[in-house]
Amino acid sequence: MSRSAHPAGPRHADVLTEGHYSAPPTDLNALDPKVWSRTVTRTPDGQVTVGGIEVARLAEEFGTPAYFLDEADFRARCQAWRDAFGPDADVFYAGKAFLSRAVVRWLHEEGLNLDVCSAGELTTALDAGMPAERIALHGNNKTPEEIERAVAAGVGHIVLDSFQEIVRVAHIADRLGKRQRVQIRVTVGVEAHTHEFIATAHEDQKFGIALAGGEAAEAVRRALKLDGLELVGIHSHIGSQIFDTAGFEVAARRVVALLAEIRDEHGVELPEIDLGGGLGIAYTSDDDPAEPHDIANSLREIVTRECAASKLRTPRISVEPGRAIVGPTAFTLYEVGTIKPLEGLRTYVSVDGGMSDNIRTALYDAEYSVALVSRSSDAEPMLVRVVGKHCESGDIVVRDAFLPADLAPGDLIAVPATGAYCRSMASNYNHALRPPVVAVKDGAGRVIVRRETEEDLLRLDVG
Ligand code: LLP
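Residues numbered from 1 in each chain as written. Predicted model: local features only at pLDDT ≥ 70, side-chain atom pairs only at ≥ 80, totals over all residues. Heavy atoms only, no water.

Undergrad: Got a sec to walk through the domain arrangement of the chain? Specific residues and values, please.
TA: Domain assignment breaks the chain into domain 1 (13–70 + 328–460) and domain 2 (138–321). When each unit is reduced to the centre of its C-alpha atoms, the spacing between domain 1 and domain 2 is 36 Å. If you look at the interface, domain 1 gives twelve residues, while domain 2 gives eleven residues. Summed over both partners, the interface of domain 1 with domain 2 comes to about 1100 Å²; 54% of that surface belongs to carbon and sulfur atoms. Counting across the domain 1 and domain 2 interface gives one salt bridge. Its salt-bridge partner being K34, residue D288 comes within 2.9 Å of it at the nearest N-O pair. Along the contact surface separating domain 1 from domain 2 lie six residue pairs in polar contact (both at pLDDT 80 or more). Taken together, the residues that form the side of domain 1 that touches domain 2 break down as six nonpolar, two polar and four charged. (Domains from an automatic or database assignment. Contact = heavy atoms within 4.5 Å. Buried area = accessible area lost by both parts, 1.4 Å probe. Salt bridge = Lys/Arg side-chain N within 4 Å of Asp/Glu carboxyl O. Polar contact = N/O pair within 3.5 Å; in protein donor to acceptor, adjacent residues only side chain to side chain. Nonpolar A, V, L, I, M, F, W, Y, C, P; charged D, E, K, R; others polar.)

Undergrad: Residues and numbers for empty space enclosed by the protein, please.
TA: Any space left empty among the atoms is revealed by the rolling of a water-sized probe across them. Tallied over the full model, the rule gives four cavities of 30 Å³ or more. Estimates place the volume of the largest cavity at around 70 Å³. Lining the largest cavity are 13 residues, and of these W81, F248, G276, I295 and V319 lie nearest its centre. Of all the secondary structure elements, the ones that give two or more residues to the lining of the largest cavity are α2 (71–85) and α9 (292–309). Taken together, the residues of the lining of the largest cavity sort by class into nine nonpolar, three polar and one charged. (1 Å grid on protein atoms, 1.4 Å probe; cavity = no way out; pocket = protein on both sides within 12 Å on 5 of 7 lines; lining within 4 Å. Points joined across faces, edges and corners; volume = space filled by probe spheres on them. Helix = DSSP H or I, 4+ residues; strand = E, 2+ residues; numbered from the N terminus.)

Undergrad: Describe the UniProt feature "binding site: substrate" (unreviewed entry) in the chain, with residues and values.
TA: Within this numbering scheme, the UniProt entry marks R323, R360, Y364, E392 and Y421 as carrying the feature "binding site: substrate" (unreviewed entry). The largest pairwise C-alpha distance within this set of annotated residues, which runs over 99 residues, is 27.5 Å, so the set is dispersed in three dimensions. Locating R360 in the fold gives a position in helix α11 (residues 360–364). By relative accessible area, R360 is classed as buried at 0%. (UniProt positions renumbered as here; feature names shortened; annotations may be inferred. Buried < 20%, exposed > 50% of the residue type's maximum accessible area, 1.4 Å probe, protein only.)

Undergrad: So what's going on with the UniProt feature "binding site: pyridoxal 5'-phosphate" (unreviewed entry) in the chain? Residues and values would help.
TA: Taking the UniProt record as the reference, the feature "binding site: pyridoxal 5'-phosphate" (unreviewed entry) is found at G278, E320, P321, G322, R323 and Y421. Those annotated residues from the list above that line the largest cavity are G278, E320 and P321. Positionally, G278 belongs in the loop between β12 (272–274) and α9. When its relative accessible area of 10% is taken as the criterion, G278 is described as buried. Look past the residues within four positions of G278 in its chain and what remains in contact with it is H237, G239, S240, Q241, I242 and F248. Structurally, P321 is set in the loop between β13 (316–319) and α10 (323–326). For P321, the residues in contact, after removing those within four places along its chain, are W81, V91, F92, Y93, A94 and G277.

Dropping the structure here:
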């Protein structure tokens, strides 16, 4: 993740050993379109609007903290991915980034498919009307019940993640009198340049079957022998929040090499390859993510070239972006509470949410941006740490950022690029009530996931 040092350094810079912060931006009122969703603007009177509505009005109507999701931006990103890959490829949105019934309907309307990784995600997808054949089931430890529900529903394919699962899925399909389309997930041995918790293609981790040592080839041998399975492809997912696209290219080459080996050994040309998700997004102005059409062009070119060299028919390519679609489309709106200046260090700005609505900073040391959105300000920049209201000092939302020095309790601040892995990883820590997700479009907000209530908490507490 990007990181640059403050050239001058604040006072007592020796205490700030981490160097997470960038130089103060020249204009604290500016909203960098790289990190804000596309309908976000600041009006001449200083208010920030999204989907044509002022955030202060949204706060009044829906409360804070809350996630505001720019529906037009979500749909535009779906279209960009679909157009980049074209009719000969499939885009599966990774539901783990954020899933709700409204999102499923948008995906359906925009012609995307859906990757689910649990019974809960599968239920949401089916309930919202996603056709089963456009759903893929993932997971390193799918339960027999999850497999059975997916096979019975008729999902498009299941991605097999282990030798045991090959047999499990085959037995369940046999019992249900079905032949299940499957892909085999391989680990291609690429070290993706991202946080170690979200890198998945090196060998020492729990996902997939290694290409190295012939394990993946053995998995293919076994899958091809089982009547309950129709092996249609090979799957690779190298990790998440990746900027350097070289890893995807190496993965594509290695997967095509396996297809050639399979053809040579079994006389079978598998018709599909899936290269997973993982494309990074801009959380701060320092991040420069690749565009969908660039990644599509380079993957298509590599696969076509490698297949031609091995005299293979070019398989149908699929990808599974999650973060790159939903991440940039939402921001979290907070109300400023306590402001605590620590002389010579920085100012702690407490908001009405925290690690319960965004665990990514604590978990991955993730970086975020923040802006004052209920008004503009010409005050001097002040180095702040935006923290939550939870009972631990690691409860940090934005580690180092600049906000205007006249910031006051009651101001609204927003953290952009929180559409992915924030609501979906939210918790009830300290009995916090998980915030709503409000879709904003054409001058109106619509709750698509409602705010939790104390009744919700008590309903689960049956002791
Ligand atoms: N496909 C598979 C098989 C995956 O495991 C994932 C993410 C994706 C696609 C989507 O990856 P994306 O395009 O969203 O990067 N909680 C972490 C990210 C975990 C990603 C898990 N798998 C975070 O907040 O950064």
